[in-house]
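The primary structure of each chain is shown beneath.
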Amino acid sequence: MTISTEPMDGDITRVLLDGRLDIQGAAAIDLRMNVLAGSSKFLLIDLTNVSFLGSMGLRSIIIPAQAVRRRGGKVALLRPTQMVEEVLKASNVDQIIPIFHDLDSAVGALC
Amino acid sequence: MLMDSPHDRLELDSQLTELIRLRSWIDLVTNHLDFAEEDRFAVQLCVEEAVANIILHGYRSEAGHPIIVRTCASAERTLTITIDDQAPPFSPIEHHSHLPNDMKPLSLESITPGGNGIRLLHGFSGSLSYERLADGNRLIMAFPAP
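Residues numbered from 1 in each chain as written. Chains lettered and ligands numbered in written order. Predicted model: local features only at pLDDT ≥ 70, side-chain atom pairs only at ≥ 80, totals over all residues.

Our next topic: the nonpolar core. If you look at the biggest cluster of nonpolar residues, it comprises 67 residues, and the most contacted ones within it are Leu-44 and Ile-45 of chain A together with Cys-46 and Val-51 of chain B. Per-element accounting of this core gives the leading share, 11 residues, to helix 2 (residues 37-58) of chain B. Those residues in contact with Leu-44 of chain A that lie beyond four places of it in its chain are Ile-12, Arg-14, Val-15, Ala-76, Leu-78, Ala-106 and Leu-110 of chain A. (Core = buried A, V, L, I, M, F, W, Y, C linked by C-beta atoms within 7 Å. Buried ≥ 20, exposed ≤ 12 C-beta atoms within 10 Å, placed from the backbone. Helix = DSSP H or I, 4+ residues; strand = E, 2+ residues; numbered from the N terminus. Contact = placed C-beta atoms within 7 Å.)

Most peptide bonds take the trans configuration, and most residues that are not glycine carry a negative phi. Here the phi dihedral of Asp-11 of chain A falls at roughly 65°; this positive angle occurs in a residue that is not glycine. When you line up the elements, Asp-11 of chain A lands in the loop between strand 1 (2-8) and strand 2 (12-21). Phi angles above zero are rare outside glycine, and Ser-61 of chain B is one such case at about 60°. With respect to the secondary-structure elements, Ser-61 of chain B resides in the loop between helix 2 and strand 2 (66-73). Assessed through the 11 C-beta atoms surrounding it within 10 Å, Ser-61 of chain B is described here as exposed.

Residue and element names in this part refer to chain B. Strand order in this open sheet of 5 strands is 1-2-3-5-4, and the pairing throughout is antiparallel. Looking at the sheet topology across the chains shown, the edges are occupied by strand 1 (9-13) and strand 4 (127-133). Looking at each pair of strands side by side, their axes are set apart by 15° on average, direction ignored. The pairing of strand 4 with strand 5 (residues 136-144) spans 7 bridges and is antiparallel. When the sheet's bridge partners are listed, Ser-127 is paired in strand 5 with Ala-142. Contacts between helix 1 (residues 18-32) and the sheet are confined to strand 1 and strand 2, with strand 1 contributing the most and set at about 170° to the helix. (Pairing = 2+ DSSP bridges. Axes fitted to C-alpha atoms, helices over the stretch in contact; angles between N-to-C directions.)

Right, dumping it as C-alpha coordinates:
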(Lines give C-alpha, C1' and ligand atoms only; values in the text may rest on other atoms or scores of the structure.)
Protein backbone atom coordinates (compact mmCIF):
# COMPACT_ATOMS: atom_id res chain seq x y z
CA MET A 1 0.00 0.00 0.00
CA THR A 2 1.38 3.38 -0.94
CA ILE A 3 0.16 6.87 -0.16
CA SER A 4 0.97 10.13 -1.87
CA THR A 5 -0.52 13.59 -1.76
CA GLU A 6 -1.22 16.34 -4.24
CA PRO A 7 -2.18 19.89 -3.24
CA MET A 8 -5.16 21.28 -5.15
CA ASP A 9 -6.82 24.66 -5.44
CA GLY A 10 -9.25 25.57 -2.68
CA ASP A 11 -7.06 24.29 0.16
CA ILE A 12 -7.81 20.70 -0.84
CA THR A 13 -5.32 17.92 -0.24
CA ARG A 14 -5.80 14.98 -2.59
CA VAL A 15 -4.63 11.75 -1.03
CA LEU A 16 -3.86 9.03 -3.56
CA LEU A 17 -3.91 5.51 -2.16
CA ASP A 18 -2.59 2.58 -4.15
CA GLY A 19 -2.85 -1.10 -3.26
CA ARG A 20 -4.76 -3.26 -0.80
CA LEU A 21 -6.27 -1.42 2.14
CA ASP A 22 -6.30 -4.47 4.38
CA ILE A 23 -4.78 -4.83 7.83
CA GLN A 24 -1.22 -4.49 6.51
CA GLY A 25 -2.17 -1.68 4.16
CA ALA A 26 -3.87 0.18 6.97
CA ALA A 27 -0.78 -0.11 9.14
CA ALA A 28 1.30 1.31 6.29
CA ILE A 29 -0.76 4.48 5.87
CA ASP A 30 -2.27 5.22 9.30
CA LEU A 31 0.46 7.53 10.56
CA ARG A 32 0.53 9.57 7.36
CA MET A 33 -3.27 9.73 7.23
CA ASN A 34 -3.44 11.00 10.79
CA VAL A 35 -0.81 13.66 10.08
CA LEU A 36 -2.76 14.76 7.00
CA ALA A 37 -5.98 14.86 9.01
CA GLY A 38 -4.31 17.17 11.50
CA SER A 39 -3.08 19.60 8.87
CA SER A 40 -5.65 19.59 6.04
CA LYS A 41 -8.93 21.44 5.88
CA PHE A 42 -10.38 19.57 2.91
CA LEU A 43 -9.32 16.00 2.26
CA LEU A 44 -10.09 14.21 -1.00
CA ILE A 45 -9.24 10.53 -0.63
CA ASP A 46 -8.69 9.06 -4.09
CA LEU A 47 -9.51 5.34 -4.05
CA THR A 48 -9.09 4.74 -7.77
CA ASN A 49 -6.17 2.36 -7.26
CA VAL A 50 -7.37 0.66 -4.08
CA SER A 51 -8.01 -2.96 -5.05
CA PHE A 52 -9.27 -4.22 -1.69
CA LEU A 53 -10.86 -2.66 1.39
CA GLY A 54 -11.36 -4.43 4.71
CA SER A 55 -12.57 -3.30 8.11
CA MET A 56 -9.13 -2.10 9.21
CA GLY A 57 -8.89 -0.08 6.02
CA LEU A 58 -12.25 1.47 6.84
CA ARG A 59 -10.79 2.61 10.16
CA SER A 60 -7.95 4.27 8.23
CA ILE A 61 -10.55 6.36 6.44
CA ILE A 62 -13.06 6.97 9.24
CA ILE A 63 -10.67 8.09 12.00
CA PRO A 64 -8.89 10.78 9.92
CA ALA A 65 -12.26 11.89 8.51
CA GLN A 66 -13.57 12.38 12.03
CA ALA A 67 -10.48 14.42 12.90
CA VAL A 68 -10.91 16.66 9.86
CA ARG A 69 -14.62 17.15 10.60
CA ARG A 70 -13.89 18.10 14.24
CA ARG A 71 -11.65 20.88 12.93
CA GLY A 72 -14.43 22.17 10.70
CA GLY A 73 -13.18 20.57 7.50
CA LYS A 74 -14.69 18.17 4.97
CA VAL A 75 -13.73 14.81 3.50
CA ALA A 76 -14.83 13.14 0.28
CA LEU A 77 -14.01 9.84 -1.38
CA LEU A 78 -13.18 9.63 -5.07
CA ARG A 79 -13.69 6.83 -7.57
CA PRO A 80 -13.80 3.62 -5.53
CA THR A 81 -13.99 0.45 -7.59
CA GLN A 82 -17.31 -1.37 -7.58
CA MET A 83 -16.37 -3.82 -4.82
CA VAL A 84 -14.63 -1.20 -2.68
CA GLU A 85 -17.77 0.91 -2.96
CA GLU A 86 -19.87 -2.07 -1.87
CA VAL A 87 -17.72 -2.35 1.26
CA LEU A 88 -18.24 1.36 1.95
CA LYS A 89 -22.00 0.90 1.54
CA ALA A 90 -22.22 -2.29 3.59
CA SER A 91 -20.60 -0.47 6.48
CA ASN A 92 -22.72 2.70 6.02
CA VAL A 93 -19.65 4.84 5.42
CA ASP A 94 -21.24 6.16 2.22
CA GLN A 95 -23.94 7.77 4.37
CA ILE A 96 -21.46 9.92 6.24
CA ILE A 97 -18.59 10.47 3.81
CA PRO A 98 -19.75 11.34 0.29
CA ILE A 99 -18.52 9.26 -2.63
CA PHE A 100 -17.91 10.82 -6.05
CA HIS A 101 -16.95 9.33 -9.38
CA ASP A 102 -15.77 12.50 -11.04
CA LEU A 103 -13.20 14.92 -9.78
CA ASP A 104 -15.14 18.13 -10.47
CA SER A 105 -18.13 17.02 -8.40
CA ALA A 106 -15.87 16.00 -5.54
CA VAL A 107 -14.03 19.32 -5.57
CA GLY A 108 -17.33 21.19 -5.76
CA ALA A 109 -18.65 19.36 -2.70
CA LEU A 110 -15.55 20.11 -0.67
CA CYS A 111 -15.24 23.83 -1.35
CA MET B 1 -18.23 -33.97 -3.22
CA LEU B 2 -14.94 -32.70 -1.91
CA MET B 3 -13.05 -30.29 -4.07
CA ASP B 4 -10.37 -32.09 -6.06
CA SER B 5 -7.54 -29.84 -5.02
CA PRO B 6 -4.43 -29.98 -2.84
CA HIS B 7 -5.51 -26.67 -1.39
CA ASP B 8 -8.47 -27.79 0.72
CA ARG B 9 -6.87 -27.26 4.15
CA LEU B 10 -4.66 -24.54 5.60
CA GLU B 11 -3.35 -24.37 9.14
CA LEU B 12 -2.40 -20.92 10.36
CA ASP B 13 -0.72 -19.64 13.47
CA SER B 14 -2.44 -16.83 15.37
CA GLN B 15 -0.38 -13.92 14.07
CA LEU B 16 -1.33 -11.24 11.60
CA THR B 17 1.59 -11.97 9.27
CA GLU B 18 -0.22 -15.22 8.48
CA LEU B 19 -2.85 -13.21 6.62
CA ILE B 20 -0.41 -12.94 3.71
CA ARG B 21 -0.26 -16.75 3.42
CA LEU B 22 -4.03 -16.91 3.82
CA ARG B 23 -4.55 -14.44 0.97
CA SER B 24 -2.35 -16.45 -1.41
CA TRP B 25 -4.19 -19.63 -0.47
CA ILE B 26 -7.62 -18.10 -1.04
CA ASP B 27 -6.38 -16.88 -4.43
CA LEU B 28 -5.43 -20.46 -5.34
CA VAL B 29 -8.80 -21.81 -4.19
CA THR B 30 -10.90 -19.21 -5.99
CA ASN B 31 -8.77 -19.39 -9.15
CA HIS B 32 -9.16 -23.15 -9.15
CA LEU B 33 -12.94 -22.68 -9.11
CA ASP B 34 -12.89 -19.92 -11.76
CA PHE B 35 -14.44 -17.36 -9.46
CA ALA B 36 -15.09 -13.96 -11.02
CA GLU B 37 -13.20 -10.96 -9.68
CA GLU B 38 -16.05 -9.69 -7.50
CA ASP B 39 -16.72 -13.15 -6.05
CA ARG B 40 -13.03 -13.59 -5.30
CA PHE B 41 -13.11 -10.22 -3.53
CA ALA B 42 -16.04 -11.33 -1.37
CA VAL B 43 -14.35 -14.59 -0.35
CA GLN B 44 -11.08 -12.81 0.42
CA LEU B 45 -12.89 -10.17 2.45
CA CYS B 46 -14.91 -12.61 4.55
CA VAL B 47 -12.09 -15.05 5.26
CA GLU B 48 -9.58 -12.30 6.09
CA GLU B 49 -12.06 -10.53 8.36
CA ALA B 50 -12.93 -13.75 10.15
CA VAL B 51 -9.32 -14.82 10.68
CA ALA B 52 -8.16 -11.34 11.70
CA ASN B 53 -11.02 -11.24 14.21
CA ILE B 54 -9.92 -14.57 15.69
CA ILE B 55 -6.29 -13.42 15.98
CA LEU B 56 -7.02 -9.94 17.37
CA HIS B 57 -9.99 -10.67 19.63
CA GLY B 58 -10.19 -14.45 20.10
CA TYR B 59 -6.51 -14.98 20.81
CA ARG B 60 -5.83 -11.35 21.81
CA SER B 61 -2.90 -11.14 19.37
CA GLU B 62 -1.06 -13.95 21.15
CA ALA B 63 0.90 -16.16 18.72
CA GLY B 64 1.10 -19.93 19.00
CA HIS B 65 -2.58 -20.85 18.66
CA PRO B 66 -4.04 -22.76 15.71
CA ILE B 67 -6.56 -21.60 13.13
CA ILE B 68 -7.66 -24.26 10.67
CA VAL B 69 -9.30 -23.21 7.40
CA ARG B 70 -10.95 -25.82 5.18
CA THR B 71 -12.69 -25.57 1.86
CA CYS B 72 -15.25 -27.79 0.24
CA ALA B 73 -16.89 -27.29 -3.15
CA SER B 74 -20.19 -29.10 -3.42
CA ALA B 75 -22.07 -30.49 -6.40
CA GLU B 76 -24.60 -27.72 -5.76
CA ARG B 77 -21.88 -25.30 -6.85
CA THR B 78 -21.26 -23.84 -3.46
CA LEU B 79 -17.87 -23.11 -1.95
CA THR B 80 -18.02 -23.73 1.78
CA ILE B 81 -15.23 -22.41 3.98
CA THR B 82 -14.95 -23.64 7.55
CA ILE B 83 -12.73 -21.89 10.09
CA ASP B 84 -11.94 -23.60 13.39
CA ASP B 85 -10.16 -22.01 16.33
CA GLN B 86 -9.55 -22.76 19.99
CA ALA B 87 -10.33 -19.29 21.28
CA PRO B 88 -12.97 -18.49 23.93
CA PRO B 89 -16.58 -18.75 22.70
CA PHE B 90 -17.59 -16.06 20.24
CA SER B 91 -20.52 -16.16 17.84
CA PRO B 92 -20.45 -13.58 15.03
CA ILE B 93 -24.12 -14.38 14.46
CA GLU B 94 -25.10 -13.37 17.98
CA HIS B 95 -22.72 -10.39 17.94
CA HIS B 96 -24.27 -9.13 14.69
CA SER B 97 -27.71 -9.05 16.28
CA HIS B 98 -26.39 -6.54 18.83
CA LEU B 99 -24.91 -4.15 16.26
CA PRO B 100 -26.73 -0.82 15.69
CA ASN B 101 -29.59 -0.89 13.19
CA ASP B 102 -28.11 -0.59 9.71
CA MET B 103 -30.92 1.70 8.59
CA LYS B 104 -30.41 4.21 11.37
CA PRO B 105 -29.06 7.53 10.05
CA LEU B 106 -25.49 8.08 11.17
CA SER B 107 -23.23 11.04 11.55
CA LEU B 108 -19.48 10.98 11.07
CA GLU B 109 -19.04 12.08 14.66
CA SER B 110 -21.12 9.25 16.07
CA ILE B 111 -19.95 6.33 13.96
CA THR B 112 -17.58 3.94 15.69
CA PRO B 113 -14.57 3.07 13.55
CA GLY B 114 -14.63 -0.58 14.73
CA GLY B 115 -17.21 -3.32 14.46
CA ASN B 116 -17.41 -3.34 10.69
CA GLY B 117 -15.70 -6.70 10.29
CA ILE B 118 -18.74 -8.63 11.51
CA ARG B 119 -21.05 -6.47 9.41
CA LEU B 120 -18.94 -7.19 6.31
CA LEU B 121 -18.95 -10.93 7.03
CA HIS B 122 -22.73 -10.89 7.00
CA GLY B 123 -22.93 -8.62 3.97
CA PHE B 124 -20.53 -10.47 1.69
CA SER B 125 -20.94 -14.17 2.52
CA GLY B 126 -23.73 -16.10 0.86
CA SER B 127 -24.55 -17.67 4.20
CA LEU B 128 -22.96 -17.72 7.61
CA SER B 129 -23.34 -20.13 10.51
CA TYR B 130 -21.60 -20.78 13.80
CA GLU B 131 -21.02 -23.86 15.94
CA ARG B 132 -19.59 -23.95 19.42
CA LEU B 133 -17.00 -26.75 19.58
CA ALA B 134 -15.85 -28.58 22.71
CA ASP B 135 -12.57 -26.69 22.58
CA GLY B 136 -13.29 -23.66 20.42
CA ASN B 137 -15.38 -22.17 17.65
CA ARG B 138 -16.37 -23.11 14.12
CA LEU B 139 -17.47 -20.52 11.58
CA ILE B 140 -18.96 -21.78 8.32
CA MET B 141 -19.31 -19.50 5.32
CA ALA B 142 -20.79 -20.44 1.97
CA PHE B 143 -20.40 -18.70 -1.36
CA PRO B 144 -22.09 -19.49 -4.67
CA ALA B 145 -19.50 -20.95 -7.05
CA PRO B 146 -19.57 -20.25 -10.82
